[in-house]
Amino acid sequence: QVQLVESGGGLVQTGGSLRLSCAASARTFSLYVMGWFRQAPGKEREFVATISGSGAITNYSDSVKGRFTISRDNPKKTVHLQMNSLKPEDTAVYYCAARLVGRPYDKWGQGTQVTVSS
């Protein structure tokens, strides 16, 4: 059974940086498209970034483009989200997710809290 575990969240001031990590238990990690999503209190879960199995293709939401960078290390079975120039509106629980090409996201981590103070 695939498991995803996020870490690296915390409290940071506006303009600061955080690096989130997601560790996967899957032996077929490189076959999965990986993504980061976030959910703020009272709001729906929203897309943040995705990365292809090889790491060659990345996509970002307009709200984080230019500030966040998604990456992966397939031998270590990890995916990361480097978050720079953080804003209070980035405050949310961040979730790591996985899917196979052509399939919906069906593997989710437990989430890690990111709080950006104004």
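Scroll up to find the structure this text is about.
Reading the values: rules and limits
- Residues numbered from 1 in each chain as written.
- Predicted model: local features only at pLDDT ≥ 70, side-chain atom pairs only at ≥ 80, totals over all residues.
- Heavy atoms only, no water.
- Helix = DSSP H or I, 4+ residues; strand = E, 2+ residues; numbered from the N terminus.
- Rg over C-alpha atoms; globule rule 2.2 N^0.38 Å.
- Buried < 20%, exposed > 50% of the residue type's maximum accessible area, 1.4 Å probe, protein only.
- Phe/Tyr/Trp six-rings, centres within 6.5 Å; stacked < 30°, edge-to-face > 60°.
- Lys NZ or Arg CZ within 6 Å of the ring centre and 35° of its normal.
- Pairing = 2+ DSSP bridges.
- Core = buried A, V, L, I, M, F, W, Y, C linked by side-chain atoms within 4.5 Å.
- Contact = heavy atoms within 4.5 Å.
- Disulfide = S-S within 2.5 Å.

Give me the overall build of the protein: which residues, what numbers.
Regarding its fold elements, the protein presents zero helices and 11 strands. Seen in sequence order, the protein has helices and strands lined up from the N terminus as β-β-β-β-β-β-β-β-β-β-β. Here the C-alpha atoms of the protein give a radius of gyration of 13 Å, agreeing with the 13 Å that 2.2 N^0.38 yields for 118 residues. Summarising its shape, the C-alpha atoms of the protein cover approximately 40 × 25 × 25 Å along the three principal directions. Taking all 118 residues of the protein together, the buried fraction comes to 42%.

Got a sec to walk through the packing of aromatic side chains? Specific residues and values, please.
A complete count under the given rule lists four aromatic pairs for this structure. On the numbers, 6.2 Å between centres and 55° between planes, the contact of tyrosine 105 with tryptophan 108 is tilted. Here the guanidinium or amino end of arginine 45 rests over the ring plane of tryptophan 108, the centre of that ring lying 4.8 Å away. Across from the ring centre of phenylalanine 29, 4.4 Å away, lies the NZ or CZ of arginine 72, which sits over that ring.

Quick one: what's the story with unusual backbone geometry, residue by residue and with numbers?
One non-glycine residue, lysine 77, adopts positive backbone phi at about 55°. Judged by relative accessible area, lysine 77 falls into the partly exposed class, the value being 25%. Not every positive phi belongs to a glycine, and serine 85 is a case in point at roughly 50°. Counting through the fold element by element, serine 85 comes out in the loop between strand S8 (78-83) and strand S9 (92-100).

Quick rundown of the pairing of strand S1 (residues 4-7)? Include the residues and the values.
The two faces of a sheet get side chains in turn, since along a regular strand they alternate between them. Of the two faces of S1, the one lined by Leu4 and Glu6 is fully buried and the one lined by Val5 and Ser7 carries no buried residue. Looking at chain direction, S1 and strand S3 (residues 18-24) are connected through four bridges and run antiparallel. Bridging across to S3, valine 5 finds its partner in alanine 23.

Give a description of the nonpolar core that names residues and reports values.
Counting 29 residues, the largest nonpolar core has Met34, Trp36, Leu81, Met83 and Tyr94 as the members making the most contacts within it. Those elements giving two or more residues to this core turn out to be S3, strand S4 (32-39), strand S5 (46-51), strand S7 (68-73), S8, S9 and strand S11 (112-117). Among all residues touching tyrosine 94, those that are not within four sequence positions of it are Glu6, Leu20, Trp36, Phe37, Arg38, Val48, Phe68, Leu81, Met83, Gly111, Thr112 and Val114.

Got a sec to walk through the state of the cysteines? Specific residues and values, please.
A complete count under the given rule lists one disulfide for this structure. Cysteine 22 shares a disulfide with cysteine 96; S-S distance 2.1 Å. Residues cysteine 22 and cysteine 96 are joined through a disulfide that is left-handed, its torsion about the S-S bond being -80°. In this pair, cysteine 22 sits in strand S3 while cysteine 96 sits in strand S9, placing the two residues 74 residues apart along the sequence. Just as cysteine 22 is buried, cysteine 96 falls in that class too.

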